[in-house]
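# Structural overview
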Amino acid sequence: MGLQPFETVVAAHHAEIYRYLLRVTWRAGDADDLSQETFLRAYRAWDGLNQDANVRAWLFTIATNLARNHFRSESRRRRAYAGVSETRTDVDPASPEETRRFHETRVLVERVVDGLPLKQRLAFVLRKLHDLEYEAIGRSLQCSPDSARAHVFQALKKIRLGLNGHELPTMESVR
Amino acid sequence: MTTKHPSCRAIERDLVATATGDVESHATDRVQRHLQTCEPCREEFGRYRAVDHVARGLRATPPIDALASSRAGLESRLADLRQRRVAYRIFPSPLGQILIGRSEHGIALVEYLGASTSLRASRLGQADDVEAVEGGPELERLQRDLLDYIAGRRRDLDWSLDWRLASSEFARSVLEATAAIPYGAVSSYAGVARRIGRPSAVRAVAQALRWNPLPIVVPCHRVIGSSGRLTGYAGDKLGLKQQLLGVEGVKLHPGRGDVSVAREAMYALGEGASEYCLPTCGDISTRNLSVVTLFASRADAEARGLTPCVDCRPDLHPLSAA
């Protein structure tokens, strides 16, 4: 077989897929179940996988499909979301002004991201947190790369709107 | 809602993309030119830069305690799956549809499906302790090997085997003894029973071979009745036995529905001997097939390290090849 042994796939990608699913499902139990299921499915399909396939993007596609199935029930989504905000850790009030502002903004951004429609949220996380190509995101979400791009754009717009009236951390590099 | 100038609206997507690092080079210049003339967009650009900055901050990966235990759980489920997994392939052959199944230990199953191409109807599909998955390129190679074998282009299948589908230790010993019968040779059920040290278990040997999970590879087609009749094969597939023996050059008497091996046209090896004989040598033609192995050709016998008998000299008086 020209493909690498499956153990190396687990070693290389398990942590990332787990983190992705944790961010998307908000619950360690769900991230555990879904990440295991992702790799068991991948293992079953491993022999049939095209040799030049992008393994990482392929794993994200499987994980994304599982996450979408998981949230097919809207009530499950709401229940999960209801638990999110409580789990956020607060920033040490003694930290420097700029750090504090960064963390506040971060909490706000996370709140907006968590409240996004599922497809936008997935597209945003895949692009901004995992650096996937739009081609791969489109495959994961069963849409075109252009639609994937549009989902990310919508997500960014909502985040930006969500920060209206909030003083953003300064960025030396902003021209 | 603030209303935006059309030119600002037109450039909004590119502006967001550029500010958040999703750059497409042709857009960057346009955005920069627009920013030089538009103060509100310049401010927007800055805010999107900040959003991107914060979003990238979300990548910071705090240690997760549950990660290690999730990985351990996965490894154990994978190990279990790996144990049970059999990758299979179904393909047409001159012997009908054939299924081959391979586990991580080796080939676990070769099955004649007749005209069916369905996994569900197969022995593999019905086994409950295995997980059947469709196989990839590795099985294509095995398919080629097997088709070459059936066509007579290949004499041995040097596959590693997984014996797990052998139903018992006894069955396994029968299969291993059968696997030792060389290409182009035939032995009898009684002969196999003798070789595994159970000379009276002839019927049990026949039963074990009837359920041989690895036909062709474990050449149960080379095992015949002591009378020389083919008797049976994989249930009701006597025709396939005939075909496989034909491929190996074994001479057969067609007979009326009861095909038998043409003993008088094959070389013979007595039990325990290291020399092979003409079928007419001494009393070998009258000895029971439980103690005689027959060979289709001198080459087949000599491939096993046997030498020609010094009395009947099969090397000087070979049987006609016809």
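Before reading on, note that the structure itself is shown above.
So, a few notes on the structure that sits alongside this text. Please read all numbers here as calculations on a predicted model, not as lab measurements.

On to the overall build of chain B, then. Scanning chain B from N- to C-terminus turns up eleven helices and twelve strands. Within the span of chain B, comprising 322 residues, buried residues form 37% of the whole. Sequence separation of 24 or more characterises 58% of the internal contacts of chain B that already satisfy a separation of 6 or more.

The next thing to look at is the sheet that holds strand β6 (residues 223-224) of chain B. Residues and elements named next belong to chain B. Judged by pairing direction, the sheet is mixed, and its four strands sit side by side in the order β6-β5-β11-β9 without closing on themselves. Edge positions in the sheet fall to β6 and β9 (267-270), since each of these pairs with one other strand and no more. Strand direction decides the pairing type here: strand β5 (residues 185-188) and strand β11 (residues 292-295), joined by two bridges, are antiparallel. Its bridge partner being in β11, V186 is matched across the sheet by L294.

Right, let's get into unusual backbone geometry. A positive phi angle, near 70 degrees, is found at W26 of chain A, a position not held by glycine. Looking at the element boundaries, W26 of chain A is found in the loop between α1 (6-25) and α2 (28-45).

Here the focus is the interface of chain B and chain A. The interface is formed by 32 residues belonging to chain B together with 34 residues belonging to chain A. Broken down by element, the residue count for the side of chain B that touches chain A peaks at ten residues, all from helix α3 (residues 39-57) of chain B. Looking at the side of chain B that touches chain A, its residues break down into 15 nonpolar, nine polar and eight charged.

Between two packed helices, both the angle of their axes relative to each other and the distance between the axes serve to describe the pair. Residue and element names in this part refer to chain A. Remark: helix α6 (residues 118-129) packs on helix α8 (residues 145-162), axes separated minimally by 8 Å, with the N-to-C direction vectors making an angle of 95 degrees. Relative to α8, the element α6 lies roughly perpendicular. Only A148, H151, V152, Q154 and A155 of α8 make contact with α6, whose side of the interface consists of K119, Q120, R121, A123, F124 and R127.

All names here are of chain B. Here we have four strands laid out as an open sheet, ordered β3-β2-β1-β4, and mixed in their pairing. Of all strands in the sheet, those with a lone pairing partner are β3 (107-114) and β4 (131-134), marking the two edges. Between one strand axis and the next, the sheet turns by 30 degrees as a mean value, whatever way the strands run. In terms of strand pairing, strand β1 (residues 85-91) meets strand β2 (residues 97-102) through five bridges, oriented antiparallel. Across the sheet, residue R89 finds its bridge partner in β2, namely I100.

Residues and elements named next belong to chain B. In terms of residue burial, β3 counts as a mostly covered element, since seven of its eight residues are buried. Two elements, β2 and β3, share six bridges in a ladder whose sense is antiparallel. Of the residues in β3, the one forming a bridge with I98 is Y112. Here β2 hands over to β3 after four residues, with G106 in that stretch at a positive phi of 150 degrees.

All names here are of chain B. In terms of nonpolar packing, the biggest core is built from 71 residues, with I100, L109, Y267, A268, Y276, L294 and F295 touching the most fellow members. For this core, the element with the most residues is β3, which contributes six residues. Taken together, domain 2 (74-164) and domain 3 (166-322) each give at least three residues to this core, which thus spans both. When sequence neighbours within four positions are dropped, the list of residues in contact with L294 reads A185, V186, V261, R263, M266, Y267 and A268.

The rules behind these values
Position numbers for residues count from 1 along each chain, tracking the sequence in the order it is written. Chain letters start at A and ligand numbers start at 1, both assigned in the order the entries are written. Residue-level local features of this predicted model are given only where pLDDT is at least 70; pairs of side-chain atoms are given and counted only at 80 or more, and the full residue set underlies all totals for whole chains, interfaces and linings. Here a helix means four or more residues in a row that DSSP labels H or I, a strand means two or more in a row labelled E, and each is numbered from the N terminus. Residues with at least 20 neighbouring C-beta atoms inside 10 Å of their own are called buried, those with 12 or fewer are called exposed, and the rest are partly exposed, where every C-beta is derived from the backbone. A pair of residues counts as a contact when their C-beta atoms, built from backbone coordinates, are within 7 Å of each other. Think of it this way: DSSP has to see at least two bridges between two strands before they count as a pair. Just so you know the grouping, Ala, Val, Leu, Ile, Met, Phe, Trp, Tyr, Cys and Pro go in nonpolar, Asp, Glu, Lys and Arg go in charged, and all remaining residues, Gly too, go in polar. Axis lines are fitted through C-alpha atoms, for helices just across the contact stretch, and the angle between N-to-C directions can take any value from 0 to 180 degrees. Note on angle classes: values under 35 degrees are labelled roughly parallel, values over 145 roughly antiparallel, values of 65 to 115 roughly perpendicular, and the remainder oblique. As used throughout, a nonpolar core is a set of buried Ala, Val, Leu, Ile, Met, Phe, Trp, Tyr and Cys residues joined through C-beta atoms within 7 Å of each other. The split of the chain into domains comes from an automatic or database domain assignment.

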